[in-house]
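As a plain string of letters, each chain reads:
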Amino acid sequence: NPLKRPEISLDGLRADDVLTLQKVYGPNEMKVNSETYLEIFAKNIVDPFYVFQLFTITVWVWSGYYIYSALAVLISVVIISIALRKKKREFEKLEKNLEVENSVTVVRDGCEYYVSHTELVPGDIVILNKSSHYFTFDGILVEGSAFVDNALLTGVTRPSYRYPDPDVLLQERLEKLTLTNHNNTIFAGTNMITPQSEGDVKALVVNIGFLTEKGCAIREESCENYSYSLDKDSMTYFKFLIVIGTIAFFVALLVLLWLPDEPMEGLVALQAALRLVTLAIPPSLPLALTIAFMWSMRRL
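So, a few notes on the structure that sits alongside this text. Source: prediction; values computed, not measured. (Residues numbered from 1 in each chain as written. Predicted model: local features only at pLDDT ≥ 70, side-chain atom pairs only at ≥ 80, totals over all residues. Heavy atoms only, no water.)

With that settled, the discussion passes to the overall build of the chain. A count of helices and strands for the chain gives nine helices and nine strands. In the chain, which comprises 300 residues, the share counted as buried stands at 39%. Put simply, of all contacts in the chain between residues at least 6 apart along the chain, 71% involve residues at least 24 apart. (Helix = DSSP H or I, 4+ residues; strand = E, 2+ residues; numbered from the N terminus. Buried < 20%, exposed > 50% of the residue type's maximum accessible area, 1.4 Å probe, protein only. Contact = heavy atoms within 4.5 Å.)

Now the structure itself:
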């Protein structure tokens, strides 16, 4: 089974194991595909807020409210432009943050090799004090100790002390390991401040790429189904307003067609009832929500 990880050893992996694992796991890197403005536009134009804006503009043009319709179009263009620019900046910032040029000293077949971080595989033994101090993998210290800066991952600015776990080398296979004990665990995206032992500081690579804690967070955030609480709350508010507008629509039709002594004509009554629906959601609401979302993300 090619997915079965090798045995744990301070002598590192054998050459054939490294080649097999590189084929299975691929390079140790995290890349996201940046979308063009057209692709972002195609995904966002089906947003319920924009669909309702189109419905509102159609009803207002039919009713002869050309000035209001022109203002609604202008607001919609502003909203879409802001949203597209925001999404594009997010992708560009994420791509820039994921660009890493790093080399590490790794032990394989009992010998030390200086390789690119992209060549690391689970099971590798990395000598930290002979490599770049920036970690591109999740791992466990197996020899030596060091102070680690986890500010990028946890927000805690105080350095954390990491020491080796002797029980790691007693495990028969790598898949039995977990990263629950943070006293000996290092994570991708963090870095070592200074070693605290005279000898080498060695770490066992457990996860790489999008399998790391950092990779999982990026994968979740860049997922199309990912949404913030503000998005969920605004959508709930939107559905509530749609329900109110729908009730108002049928009540208006009932009042205009059947209750008065001189009921309106069918199209005239329909037009008036639809105008009442458009009042349920103000045209400026999507713009206000977009600006509020951008400001909250900047503050975050």
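The subject of this paragraph is the nonpolar core. Side chains that are nonpolar tend, in soluble globular proteins, to be buried together. Counting residues in each nonpolar core, the largest one holds 20 residues, and the members touching the most others are F52, F238, F249, L253, A273, I281 and L285. When residues of this core are traced back to their parent elements, those giving at least two are helix 3 (48-62), helix 7 (229-257) and helix 8 (266-278). In terms of residue count, the dominant contributor to this core is helix 7 (six residues). With sequence-adjacent residues up to four places away left out, F238 is seen in contact with P48, F49, F52 and I281. Counting 17 residues, the second largest nonpolar core, distinct from the first, contains V115, L128, L141 and V201. (Core = buried A, V, L, I, M, F, W, Y, C linked by side-chain atoms within 4.5 Å.)

Before going further, it helps to examine the pairing of strand 9 (residues 202-208). Consecutive side chains of a regular strand alternate in pointing toward one face of the sheet and then the other. In terms of burial, strand 9 is a largely internal element, seven of the seven residues being buried. Pairing geometry for strand 3 (residues 125-127) and strand 9, over three bridges, is antiparallel. Residue pairing across strands places V126 opposite A203, the latter belonging to strand 9. Pairing of strand 4 (residues 137-143) with strand 9 involves six bridges; the strand directions are antiparallel. Paired with G139 across the strands is V205, a residue of strand 9. (Pairing = 2+ DSSP bridges.)

Where nonpolar side chains cluster on the molecular surface, the patch consists of Y65, I67, Y68, L71, L74 and V78 and spans about 610 Å² of accessible area. With respect to the helices and strands, the residue I67 is situated in helix 4 (residues 66-98). (Patch = residues over 30% accessible without salt bridge, like charges linked within 9 Å, V, L, I, M, F, W, Y side chains within 5 Å. Areas by Shrake-Rupley, 256 points an atom, 1.4 Å probe, with all protein chains shown as cover. Salt bridge = Lys/Arg side-chain N within 4 Å of Asp/Glu carboxyl O.)

A complete count under the given rule lists three salt bridges for this structure. R14 serves as the salt-bridge partner of D16, at 3.6 Å between the closest nitrogen and oxygen. Ionic pairing is found between R14 and D17, a salt bridge with its closest N-O pair at 3.2 Å. Judged by its relative accessible area of 48%, R14 falls in the partly exposed class.

Another point: the sheet that holds strand 2 (residues 111-116). Pairing in this open sheet of six strands is antiparallel, and the strands run 2-1-3-9-4-7 from one edge to the other. Edge positions in the sheet fall to strand 2 and strand 7 (185-186), since each of these pairs with one other strand and no more. In the sheet, strand 1 (residues 103-108) pairs with strand 3 via three bridges, with the strands oriented antiparallel. Looking at strand 3, one finds that V107 is bridged to I125.

It is worth spelling out the packing of aromatic side chains at this point. In this structure the tally under the stated criterion is eight aromatic pairs. Relative to F137, the ring of F135 lies with its centre 6.2 Å away and its plane at 50°, an arrangement referred to as tilted. By relative accessible area, which is 1% here, F135 ends up buried. An aromatic cluster is present here, built from F52, F55 and F238 joined pairwise through their rings. One cation-aromatic arrangement involves K88 over Y37; the distance from NZ or CZ to the ring centre is 5.7 Å. (Phe/Tyr/Trp six-rings, centres within 6.5 Å; stacked < 30°, edge-to-face > 60°. Lys NZ or Arg CZ within 6 Å of the ring centre and 35° of its normal.)

Two strands pair when backbone bridges link them, and strand 1 and strand 2 are joined in this way by six bridges, in the antiparallel orientation. Counted as the bridge partner of V104 is V115 from strand 2. Here strand 1 hands over to strand 2 after two residues, with D109 in that stretch at a positive phi of 55°.

The subject of this paragraph is unusual backbone geometry. Even without glycine at this site, D109 takes up a positive phi of about 55°. Within the secondary structure, D109 sits in the loop between strand 1 and strand 2.

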